[in-house]
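Below, each chain spelled out in residue letters.
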Amino acid sequence: MDEGKELSLTIAQIVQRLKGSHLHSQLERQAKVSSSRLTAEVKNVCHTECRPGSAVGSGQGKTQTDCLHQPEIKLESLKEDVRHFLKTSGWEKKLQNAVYREMHVQPPLSHLPTPPEHQKEPLVYMRTAQASWERRVLKSLSSMSTELGVPLARKRPVVEQKELANKWNEMSTDEPDLSQFRPVYAPKDFLEVLVGLRNPNHDSSEQASTRSHWGLIQVPLSVKDVGQMREMYCELGLTTGQLGIDDQANLHPDLFESEHVDVGKKVVLHQDSAAAQQYSRQGCPMGLRADLWALILNATNQAQDVMHYEQLKAGVIQHDMLVDNLIYKDVKLTASNDDYYFVFEDFLYQVLMCFSRDTAILEHFMYNSASPPKSFIQGKGGHEECAVVYPPNVAPLCFLYNEPSELYSVFREMYVRYFFRLHSISSSPSGIVSLCLQFERLLQAHLPQLFYHLRQIQAQPLRIAFKWMVRAFSGYLSTDQLLLLWDRILAYDSLEIVAVLSAAVFAFRSDNLMEVTSLASAEVSWHPALLLLYILGEKRWLDTSVSLKPTSVTPPQGLAPPPSNTHPTPTQ
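Described in the following lines is the structure provided in the data block. (Residues numbered from 1 in each chain as written. Predicted model: local features only at pLDDT ≥ 70, side-chain atom pairs only at ≥ 80, totals over all residues. Heavy atoms only, no water.)

1. Re the pattern of salt bridges
Quick reminder of the rule: Any Lys or Arg side-chain nitrogen located within 4 Å of an Asp or Glu carboxyl oxygen qualifies as a salt bridge. What counts as a helix is a DSSP run of H or I of at least four residues, what counts as a strand is a run of E of at least two, and both are numbered from the N terminus. Only protein chains enter the accessibility calculation, which uses a 1.4 Å probe. A residue is then buried if its area is under 20% of the maximum for its type, exposed if over 50%, and partly exposed in between.
Under the definition given, this model contains 15 salt bridges. E147 is paired through a salt bridge with R182; the nearest N and O atoms lie 3.1 Å apart. With a gap of 35 residues between them, E147 in helix α7 (residues 124-148) and R182 in the loop between α8 (158-166) and α9 (187-195) connect regions that are remote in the sequence. On the accessibility criterion, R182 (31% relative accessible area) is partly exposed. With a closest N to O distance of 3.0 Å, E496 and K224 form a salt bridge. In this pair, E496 is assigned in helix α22 (residues 496-508) and K224 in the loop between α9 and α10 (226-232), connecting sequence segments 272 residues apart.

2. With respect to unusual backbone geometry
The phi angle at A472 is positive, at roughly 55°, despite the residue not being glycine. You can see A472 is positioned in the loop between α20 (461-470) and α21 (479-492). Positioned with a positive phi, F473 is a non-glycine residue whose angle comes to about 70°. Note on placement: F473 falls in the loop between α20 and α21. A relative accessible area of 0% means that F473 is categorised as buried.

3. Let's talk about helix α13 (residues 286-297)
Put simply, the rule is: Between the first and last residue of a helix there are one fewer steps than residues, each counted as 1.5 Å, and that sum is the expected span.
If you check α13, its first and last C-alpha atoms are 17 Å apart, about what twelve residues at 1.5 Å a residue would give, namely 16 Å. When you tally the buried positions in α13, you get nine out of twelve residues, the bulk of the element. Listing the buried residues of α13 in full gives L288, R289, A290, L292, W293, A294, L295, I296 and L297. One or two steps after α13, the chain reaches N298, where phi turns positive at roughly 55°.

4. With respect to the packing of aromatic side chains
Put simply, the rule is: Ring geometry is summarised as follows: Phe, Tyr and Trp rings, the Trp one being its six-membered ring, pair when their centres sit within 6.5 Å, and such pairs are stacked at plane angles under 30 degrees, edge-to-face over 60 and tilted between the two.
Within the structure shown, the criterion is met by 17 aromatic pairs. Taken together, a centroid distance of 5.8 Å and an interplanar angle of 45° make the contact between W214 and Y452 tilted. Of this pair, W214 sits in the loop between α9 and α10 while Y452 sits in helix α19 (residues 448-456), placing them 238 residues apart in sequence. According to the relative accessible area criterion, W214 is buried, its value standing at 13%. Look at Y452 and you get partly exposed, because its relative accessible area is 41%. An aromatic cluster of at least three residues, connected via ring pairs, comprises Y309, F355, Y408, F411, Y415 and F420.

By themselves, these are just geometric observations and shouldn't be taken as functional.
Here it is in structure tokens:
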């Protein structure tokens, strides 16, 4: 297919996706308003020029039709006139950002008929494993519902609705007894499923090498080597300045920060998603991070977004779901006991409960290997209009946004673009399977002695690092460090950097790990991931080809301890 035709098909498919969106409705209304205004102006001109007794009207015999052919209105320049209007009115940037989002969120455009299941996940054994895992999770949830006598979903009595509405901003003051509610699954359960993955069409005996069977992940997926990563993450080289990281850059850190902030203000002013993403590769200033992230994700907080959030809030007040108890317990075990997050406890309840009612996220299941589990309001089984969807949850962001509706909008976009891949089985390069494989291959290639030693003492590195990756280091890095890491996730539009950082942690502590004799001693021999590791490990690893060794630099303080609950629920 020639490039011109392929481009036309791509544009047509993106236009089709944008139809029916809020942006499309707004543009349609704006076009009607502008058209009405232009028509009124033309009629006014024609009425003035064509009325009897006027200098133009007398003797010339002009009609209304003639007036439509004024020199100011030219069909040949209509396209340029429309472009000019879009540019001057600000719609050009809005359309560019919307198209940019579609190109990053939606699956690659296919010009051939493709079955829906292939769009979700092309490999059959991955789809089978995901379906099996979903049945296991749903069985756990259903058995809990039966044992405790708690319905999966029910309509709240009017009195209960009023009570919840009155204490919406004070839900953290409740202390219900949730001791009987157990976690649906733990990260180690999910890891065991990934370890058991096998491609039935792949003969593992072919082209076997010394390192082929060292790791836990035994699926033939293509992941980047260090050379390819060095090319992709070239901005993380030692000679390029990084905000928040003191390194051997050409500019003094203070001078670099000042110039970087000035450029960032211009990027925010121009409202360009692509420019914001490129800019963030060197880090986001704290004062601009909220605006930059929202711009990259094309997450808005307009009137319709606030209205949508209020509708979700009404859904929480009207209907009670079993998953609400799991969210409540999870937040109590983590955020309420955390020095950083306890002040956001109410925000966490609000956002996560609203997220569990949001049917708008169902769109992401078109390109997610998972399928949305459903329950039904009691007494309404089988009626689709009474179905309640249970989407997986992930820890939200609270430090950047003051308004719950804005926080929710950004959180939802981050989930449907990135974090859902950490909780579903797929062959995506940013999926958890590929991240695990990436991590193991990096260690095998650059620290083979360490990998072999840990394997011999039954302390496979992945069993230690998996909980970091499945949470994108949330709960293991202090907030300022976590936001620095997530800057790069958004900037490079990939979760691969999480696997690189996990490997860098092992590289930094390699000498200590060579002395441990068991998995338990390996897990307690360190605090996971410091910002210093990001500097010495990830950046240097990508910038050199030699194995990393720890330095004599004293690690900085500021690391948050691991979460107190060892068996997290899916809300993490």
